[in-house]
Amino acid sequence: MRGIFNYVNPSDCNIKAQWLINFAKRLEDIDLPIHSITVMRGNNICMESYYAPYTKDSLHRMFSVTKSMVSIAIGFLIDEGKLSLDSHIVDYFQDKLPKEGAHEYVKMITIKDMLSMKTCHDKTTYKKPGVTDWVGSFFTTQPSHVPGTQFSYDTSATHVLCALVSRLSGMKLLDYLRVKFLDKIDFSSDAYMLTATDGSELGGSGLCARPIDILKVLYIISREGRLNNQQLLPKNYVIDAVKKHSDTYCKSPVIEEMQGYGYQMWLVRNNGYGFYGMGGQLAFYYPDKDIFMMTTADTQDRQGGNQAIYDAFYQEVYNKIDDEMCSIAPENDMLPEYWEFVNSRKIISLSGNFLDSVEEKINGITYLCDENSCGIKNIKVDIIEDGDVKKGTLTYTNATGEHFIPFGFGYNEFFSFPDYGFFCGASAAYKDNNNLLIKVQIIDSAIGSMYISLSYRQEYITVLFKKKEETMLNEYNGTFGGRISQI
């Protein structure tokens with residue numbers, strides 16, 4: 001955002017540099033896969049740290065942060081008079097209704113119900129087996145309850161709202177928002193939306209953008225839609241959007257998500273509000289201290305991972321800030337160490353033992369696999385010393401041929417994942433006697449991870465593939481055995 005965000009030292013924000021280091025290290029110390037951290041007070045950024053290979057120029061999958069962008073687009077359509085909060089969604093999708101007509105509960109759903117996640121469905125409708133029309137599934141799936149009564153996180157509702165934006169504006173979501181305000185704030189021109197199998201935009205989870213893009217949007221919302229004395233967003237709508245419209249207390253598993261829901265935006269503790277995306281895509285604003293916290297991450301395989309981010313921020317930074325903004329003396333002697341820390345982060349790699357007695361027995365040995373659900377026919381590990389580092393390659397054969405996964409011991413080797421082409425990093429360590437563990441991290445429009453555990457006993461091997469990614473890599477889930485090939 002030209003001329004709006006300043007880059008300053010932490011003391012200029014009345015924050016100690018050590019607090020920010022402690023915030024990041026607290027997450028690193030529990031092996032939480034963080035990809036970026038940004039902290040801003042007012043319009044002054046005092047921490048912007050990217051975990052290599054992520055950089056400030058990397059587009060990151062934002063998952064459900066996308067929902068908040070859809071909400072803003074709906075706000076513009078309301079401001080244009082093209083619909084209202086009381087409008088009924090069925091009126092705009094007559095072509096998607098069942099031949100016998102929509103269910104009574106579906107007919108009752110208003111735009112406000114959609115925005116506040118109070119539809120008649122208790123789960124996302126397009127995730128049912130056999131669904132090919134993602135938008136249509138919302139109108140044809142049997143309802144579970146009366147709309148407007150109960151919070152249920154229904155991503156298909158946002159998917160439909162995104163389709164509604166296209167129907168009423170004649171443009172795709174980002175194109176519409178670029179015309180309305182994104183181009184005015186220098187939102188990344190190469191940001192894009194992923195699409196569903198039926199060609200519709202993934203309005204609930206498909207945005208790929210830079211963290212700074214999301215921070216810009218949240219900053220404008222925090223200023224009631226204004227920037228440089230120009231009203232960029234509908235004021236009344238954005239004020240209303242961050243108020244509590246749904247109670248989430250009994251429907252959410254962690255305390256942060258129990259604070260309430262606005263119009264596709266979340267409320268959190270300490271009177272905060274903002275955008276929430278699966279896997280640690282968090283962008284939140286705390287008005288009482290005029291502070292912003294944003295992360296990108298991959299917490300999908302870490303139960304309580306998102307809550308750990310909030311807790312670390314509150315305890316290491318937020319709670320220590322004096323409300324009266326009393327002066328914190330500049331920490332000039334600390335600054336070189338601080339900026340070196342901020343600019344030297346890397347994504348996590350497996351830690352543990354990098355030497356094991358089993359290595360000489362398994363290195364370069366091919367194992368024939370028992371018949372298994374992963375379709376793996378054989379598997380082999382080759383390990384070498386390369387200067388100061390130790391690395392290896394996992395070779396395996398499946399239905400599509402022979403494939404290779406390179407990995408480093410205590411660091412990540414980067415490669416393109418077989419068949420899918422995703423950019424990935426992989427690291428390894430010996431985590432138990434006769435056990436080699438490899439962790440693959442997906443660094444692409446898909447965000448996720450996969451563990452490959454290889455356990456050895458005499459001439460036998462047990463292989464575990466465990467993936468954590470929303471929709472793909474499903475063949476990489478399972479446990480099976482094998483034994484040394486005699487060939």
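What counts, and where the lines are drawn
- All residue numbers refer to position in the chain's written sequence, counted from 1.
- The predicted origin of the model limits local features to residues at a pLDDT of at least 70 and limits the giving and counting of side-chain atom pairs to 80 or more, whereas totals for whole chains, interfaces and linings rest on all residues.
- To get the side-chain values, all heavy atoms of the structure are used, and hydrogens and water are removed first.
- What makes a nonpolar core is a set of buried Ala, Val, Leu, Ile, Met, Phe, Trp, Tyr and Cys residues whose side-chain atoms join them at distances within 4.5 Å.
- Only protein chains enter the calculation, and the probe is 1.4 Å; a residue is then buried if its accessible area is under 20% of its type maximum, exposed if over 50%, and partly exposed in between.
- Any two residues whose heavy atoms approach within 4.5 Å are treated as being in contact.
- Note on definitions: salt bridges are taken to be side-chain nitrogens of Lys or Arg within 4 Å of carboxyl oxygens of Asp or Glu.
- Aromatic rings from Phe, Tyr and Trp, with only the six-membered ring used for Trp, were paired whenever their centres fell within 6.5 Å, and each pair was classed as stacked if the ring planes differed by under 30 degrees, edge-to-face if by over 60, and tilted otherwise.
- A run of DSSP states H or I qualifies as a helix once it reaches four residues; a run of E qualifies as a strand once it reaches two. Both are numbered from the N-terminal end.
- Between the first and last residue of a helix there are one fewer steps than residues, each counted as 1.5 Å, and that sum is the expected span.
- Pairing between two strands requires that DSSP report at least two bridges joining them.
- Axis lines are fitted to C-alpha atoms, over the contacting stretch for helices. Their N-to-C directions set the angle, which ranges from 0 to 180 degrees.
- Relative orientations are named as follows: roughly parallel for angles under 35 degrees, roughly antiparallel for angles over 145 degrees, roughly perpendicular for angles from 65 to 115 degrees, and oblique for any other angle.
- Handedness of a crossing follows from how the near helix is turned relative to the far one, being left-handed for an anticlockwise turn of less than a right angle and right-handed for a clockwise one.
- Ten residues, namely Ala, Val, Leu, Ile, Met, Phe, Trp, Tyr, Cys and Pro, are considered nonpolar, four, namely Asp, Glu, Lys and Arg, are considered charged, and the remaining ones, Gly among them, are considered polar.

Engineer: Honestly, the nonpolar core in this entry has me stumped. Any pointers?
Structural biologist: Soluble globular proteins tend to bury their nonpolar side chains together. Within the largest apolar cluster, 70 residues are counted, with the highest numbers of intra-cluster contacts made by I74, I89, F139, L177, F181, V217 and I221. Excluding its chain neighbours within four sequence positions, the residues that come into contact with I89 are I109, I111, M114, F138, F139, V160 and L164. By size, the runner-up hydrophobic cluster in this structure holds 47 residues, among which are A17, I37, I328 and Y338.

Engineer: It is not clear to me how the pattern of salt bridges should be interpreted in this structure. Could you clarify?
Structural biologist: A pair can form between side chains of opposite charge whenever their charged atoms are brought close. For the structure shown, the criterion picks out 20 salt bridges. Between D247 and K244 there is a salt bridge, and its shortest N-O distance comes to 3.0 Å. Given the relative accessible area of 46%, K244 is considered partly exposed. Here D311 ties to R269 by a salt bridge, and the two come within 3.0 Å at their closest N and O atoms.

Engineer: Would you mind showing me how to read the packing of aromatic side chains here?
Structural biologist: To describe a pair of aromatic rings, you give the distance between the ring centres and the angle between the ring planes. Per the counting criterion, the structure on display carries 39 aromatic pairs. Ring geometry for Y286 versus Y314: centroids 5.7 Å apart, planes at 90°, classification edge-to-face. One end of the pair, Y286, is in strand β11 (residues 281-286); the other, Y314, is in helix α10 (residues 305-316), and 28 residues separate them in sequence. A residue is classified by how much of its surface remains accessible, and Y314, at 4% relative accessible area, is buried. Centroid distance F414 to F423: 5.6 Å. Interplanar angle 20°. Geometry classified as stacked.

Engineer: Would you mind going over helix α2 (residues 65-79) with me for this structure?
Structural biologist: Note that an α-helix has 3.6 residues per turn; residues three or four places apart therefore point the same way. Taking 1.5 Å per residue, 15 residues should reach 21 Å; α2 reaches 22 Å between its end C-alpha atoms and fits that length. Along α2, 13 of the 15 residues are buried, which leaves the element largely enclosed by surrounding structure. G81 sits one or two residues past α2 and shows a positive phi near 80°.

Engineer: Looking at this structure, how should I read the sheet that holds strand β1 (residues 6-7)?
Structural biologist: One key point about sheets: their strands pair by backbone hydrogen bonds, in either a parallel or an antiparallel sense. Strand order across the open sheet formed by seven strands is β1-β3-β2-β12-β11-β10-β9, with mixed pairing between neighbours. The open sheet is flanked by β1 and β9 (266-268), the only strands paired with a single partner. The sheet contact formed by strand β2 (residues 34-41) and strand β3 (residues 44-50) spans six bridges and is antiparallel. Looking at the pairing, M40 lines up with I45 of β3. Relative to the sheet, α10 contacts β2, β9, β10 (272-277), β11 and β12 (291-297), its axis offset from that of β11 by approximately 35°.

Engineer: What is the right way to read the packing of helix α1 (residues 17-28) against α10 from this model?
Structural biologist: Relative placement of two packed helices is described by the angle separating their axes and the distance separating the axes. α10 packs onto α1 with a crossing angle of 155° between their chain directions and a minimal axis gap of 9 Å. Between α1 and α10, the interaxial angle falls into the category roughly antiparallel. Judged by the twist between their axes, the crossing of α1 over α10 is right-handed. Judged by residue contacts, W19, N22, F23, R26 and L27 of α1 engage A308, I309, D311, A312, F313, Q315 and E316 from α10. Looking at the contact of α1 with α10 residue by residue, the class counts come to seven nonpolar, two polar and three charged.

Engineer: Help me understand the pairing of strand β21 (residues 460-468), please; the structure alone is not making it clear to me.
Structural biologist: Moving residue by residue along a regular strand, the side chains alternate between the two faces of the sheet. Here β21 shows one buried face, formed by I461, V463, F465 and K467, and one open face, formed by Y460, T462, L464, K466 and K468. When strand β20 (residues 447-457) meets β21, the two strands line up antiparallel, connected through nine bridges. Along β21, the bridge assignment pairs L454 with V463. Between the antiparallel neighbours β20 and β21 lie two residues, among them Q458 with a positive phi of about 50°. Here β21 pairs with strand β22 (residues 478-484) via six bridges, running antiparallel. Its bridge partner being in β22, V463 is matched across the sheet by F480.

Engineer: Could you clarify how one ought to interpret the sheet that holds strand β6 (residues 207-209) in this entry?
Structural biologist: Overall, antiparallel pairing links the three strands, which are arranged β4-β6-β5 in an open sheet. The open sheet has two free edges, formed respectively by β4 (60-61) and β5 (192-193), since each of these has just one partner strand. Summarising the sheet, β5 and β6 pair through two bridges and their orientation is antiparallel. Following the sheet pairing, Y192 is matched in β6 by C208.

Engineer: Teacher, can you tell me more about unusual backbone geometry here?
Structural biologist: Trans peptide bonds make up the majority, and among non-glycine residues the majority have a negative phi. Residue P53 is reached from A52 by a cis peptide bond, and omega for that bond is 15°. By the element assignment, P53 lies in the loop between β3 and β4. Positive phi values are uncommon outside glycine, yet N14 reaches one of about 60°. Its location among the elements puts N14 in the loop between β1 and α1. Taking relative accessible area as the criterion, N14 reaches 4% and is therefore assigned buried. If you check the backbone angles, M117 has positive phi at about 60° while not being a glycine. With respect to the helices, strands and loops of the structure, M117 is situated in the loop between α4 (111-115) and α5 (134-140).

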